[in-house]
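# Residue-level structural notes
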Amino acid sequence: GAVVSQHPSWVICKSGTSVKIECRSLDFQATTMFWYRQFPKQSLMLMATSNEGSKATYEQGVEKDKFLINHASLTLSTLTVTSAHPEDSSFYICSASGGGGTGLYEQYFGPGTRLTVT
Amino acid sequence: AQSVAQPEDQVNVAEGNPLTVKCTYSVSGNPYLFWYVQYPNRGLQFLLKYITGDNLVKGSYGFEAEFNKSQTSFHLKKPSALVSDSALYFCAASSGGSYIPTFGRGTSLIVHP
């Protein structure tokens, strides 16, 4: 299957700083990328959906000024957690799909990024 | 609004026995259904999907799932469980009306030796 990488795999930062997480589709063009947040032993919470070259669509309750998403190319999307606080500590997972917004295609997930804010 | 239900938080099965992980869905229009597996501290891996065609779908690692339109279900099955199948399993659904998939809460499968 297609490969999606995510970097870094884990990061520890101080409260008030910003952290950037990269998501890359290595062997296919991802027309749509998704960003999720997962709490321990809980399901995935969709944060936002982004299509290449356009602004991300955020889910209700997700602060777009705090979680900046950029999908500059068909192989790269970034999530920047700005002014991070301890409550932002979580496991962040990206996924990519080549479905062109049709919903027909499976998602390929990155390995996740464990963010700890101290 | 579309929704996916995985009624069991945890499924326990002995190695060698058949396993079933349940999933029901609610979408508008024809459903597109997916199963993913997540191992600890990892992202999700795609197992199988149903878009159209045969109701029984075969996927990776010997897993299969049966689409039942009347019961709006898409249960994941495997004839003989392995200890290495122990993981968190997610069902997801989308449709032509909403391409953004909705995930179930996940079911933890524990296979005992």
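Structural data are supplied above this passage.
Residues numbered from 1 in each chain as written. Chains lettered and ligands numbered in written order. Predicted model: local features only at pLDDT ≥ 70, side-chain atom pairs only at ≥ 80, totals over all residues. Heavy atoms only, no water.

## Things to note about the overall build of chain A
Selection criterion: Note on conventions: DSSP H or I runs of at least 4 residues are helices, E runs of at least 2 residues are strands, and numbering of each starts at the N terminus. For the radius of gyration, the atom set is restricted to C-alpha positions; the globular benchmark scales as 2.2 Å times the number of residues to the power 0.38. Classification of residues uses two cut-offs on accessible area relative to the type maximum, computed with a 1.4 Å probe and protein chains only: under 20% is buried, over 50% is exposed, and between them is partly exposed. Contacts were defined at the residue level, with two residues in contact if any of their heavy atoms lie within 4.5 Å. Surface accessibility in these figures is a Shrake-Rupley result with a 1.4 Å probe; residues are shielded only by whichever protein chains are displayed.
Along the backbone of chain A there are zero helices and 11 strands. In chain A, the succession of helices and strands from N to C terminus is β-β-β-β-β-β-β-β-β-β-β. Taken against the 2.2 N^0.38 rule, which gives 13 Å for 118 residues, the C-alpha radius of gyration of chain A at 13 Å falls within 12% of a compact globule. Across its three principal axes, chain A shows a C-alpha extent of roughly 40 × 25 × 25 Å. The proportion of buried residues among the 118 residues of chain A is 50%. When contacts within chain A are restricted to residue pairs at least 6 apart in sequence, long-range pairs at least 24 apart make up 56% of them. Here chain A displays about 5600 Å² of accessible surface, and carbon together with sulfur accounts for 53% of that area.

## Examining the layout of surface pockets
Our working definition: The way it works is a 1 Å grid over only the protein atoms, where trapped points that fit a 1.4 Å probe form a cavity and open points with protein on both sides within 12 Å along at least five of seven lines form a pocket, and then any residue with an atom within 4 Å of a point lines it. Grid points are joined across faces, edges and corners, and a volume is the space filled by probe spheres set on the points. Residues are sorted three ways: Asp, Glu, Lys and Arg are charged, Ala, Val, Leu, Ile, Met, Phe, Trp, Tyr, Cys and Pro are nonpolar, and all the rest, Gly among them, are polar.
Empty space within the largest pocket amounts to approximately 500 Å³. Every residue lining the largest pocket is counted, 19 residues in all, and those nearest its centre are Pro40, Lys41 and Gln42 of chain A together with Gln38 and Leu88 of chain B. In terms of residue class, the lining of the largest pocket is built from seven nonpolar, eight polar and four charged. For the second largest pocket, the calculated volume is near 310 Å³. Residue lining of the second largest pocket: 16 residues in total, with Ala2 and Phe109 of chain A together with Leu44, Gln45 and Phe46 of chain B positioned closest to the centre. Secondary structure elements with two or more residues in the lining of the second largest pocket: β10 (108-109) of chain A together with β6 (44-50) of chain B. Here the element with the most residues in the lining of the second largest pocket is β6 of chain B; it accounts for three residues. When the residues that make up the lining of the second largest pocket are grouped by side-chain class, the tally is 10 nonpolar, five polar and one charged.

## Considerations on the state of the cysteines
As a reminder, the rule being used: Cysteine sulfur atoms are paired as a disulfide whenever they fall within 2.5 Å.
All chains considered together, the criterion is met by two disulfides over all chains. Bridging Cys23 of chain A to Cys94 of chain A, the disulfide has an S-S length of 2.0 Å. Disulfide Cys23 of chain A-Cys94 of chain A: torsion about the S-S bond near 80°, hence right-handed. Separated by 71 residues along the polypeptide, Cys23 of chain A in strand β3 (residues 19-25) and Cys94 of chain A in strand β9 (residues 90-97) bring together distant segments of the chain. Cys94 of chain A matches Cys23 of chain A in its accessibility class, with the two residues each being buried. Note that Cys23 of chain B is cross-linked by a disulfide to Cys91 of chain B, the S-S spacing being 1.9 Å.

## Digging into the environment of Gly112 of chain A
Residues and elements named next belong to chain A. By the element assignment, Gly112 lies in the loop between β10 and β11 (113-117). For Gly112, a relative accessible area of 3% puts it in the buried group. Distance in space between the C-alpha atoms of Gly112 and Gln6 is 6.3 Å, their sequence separation being 106 residues. Setting aside residues no more than four positions away along its own chain, Gly112 makes contact with Gln6, Pro8, Ser9, Phe91, Tyr92 and Ile93.

## Thoughts on the interface of chain A and chain B
Stated formally: Throughout, the accessible surface (probe 1.4 Å) given up by two parts as they are put together, summed over both, is called the buried area. A side-chain nitrogen of Lys or Arg and a carboxyl oxygen of Asp or Glu constitute a salt bridge if their distance falls within 4 Å. Side-chain atoms alone can form a polar contact between residues adjacent in sequence; in general such a contact is a pair of N or O atoms within 3.5 Å, and within protein one must be able to donate a hydrogen while the other accepts it.
Across the contact, 23 residues belong to chain A and 21 residues belong to chain B. When chain A packs against chain B, close to 1700 Å² is buried across both sides, 60% of that on carbon and sulfur atoms. For the pair chain A and chain B, the number of links is one salt bridge. For Glu106 of chain A, the salt bridge is made with Lys49 of chain B, and the minimal N-O distance between the two is 2.7 Å. The interface formed by chain A and chain B contains five residue pairs in polar contact (both at pLDDT 80 or more). Residue assignment for the side of chain A that touches chain B shows that the elements contributing at least two residues are β4 (32-38), β5 (44-51) and β9 of chain A. For the side of chain A that touches chain B, a count of residues per class yields 10 nonpolar, 11 polar and two charged.

## As for the side chain of Gln38 of chain B
Counting through the fold element by element, Gln38 of chain B comes out in strand β5 (residues 31-38). A relative accessible area of 6% means that Gln38 of chain B is categorised as buried. A distance of 2.9 Å separates polar atoms of two side chains, one belonging to Gln38 of chain B and the other to Gln38 of chain A. If near-sequence neighbours (up to four positions away) are discounted, Gln38 of chain B is found in contact with Gln38, Phe91 and Ile93 of chain A together with Gly43, Leu44, Ala87, Leu88 and Phe90 of chain B.

## What about the pattern of salt bridges?
The full count for this structure, using the stated rule, is seven salt bridges over all chains. Salt-bridge contacts for Arg24 of chain A lead to Glu22 of chain A; the nearest nitrogen and oxygen are separated by 3.5 Å. Overall, Glu22 of chain A belongs to the partly exposed group, its relative accessible area being 26%. Between Glu66 of chain B and Lys77 of chain B there is a salt bridge, with the nearest N and O atoms lying 3.7 Å from each other. Of this pair, Glu66 of chain B sits in strand β8 (residues 64-68) while Lys77 of chain B sits in strand β9 (residues 73-78), and the two are 11 residues apart along the sequence.

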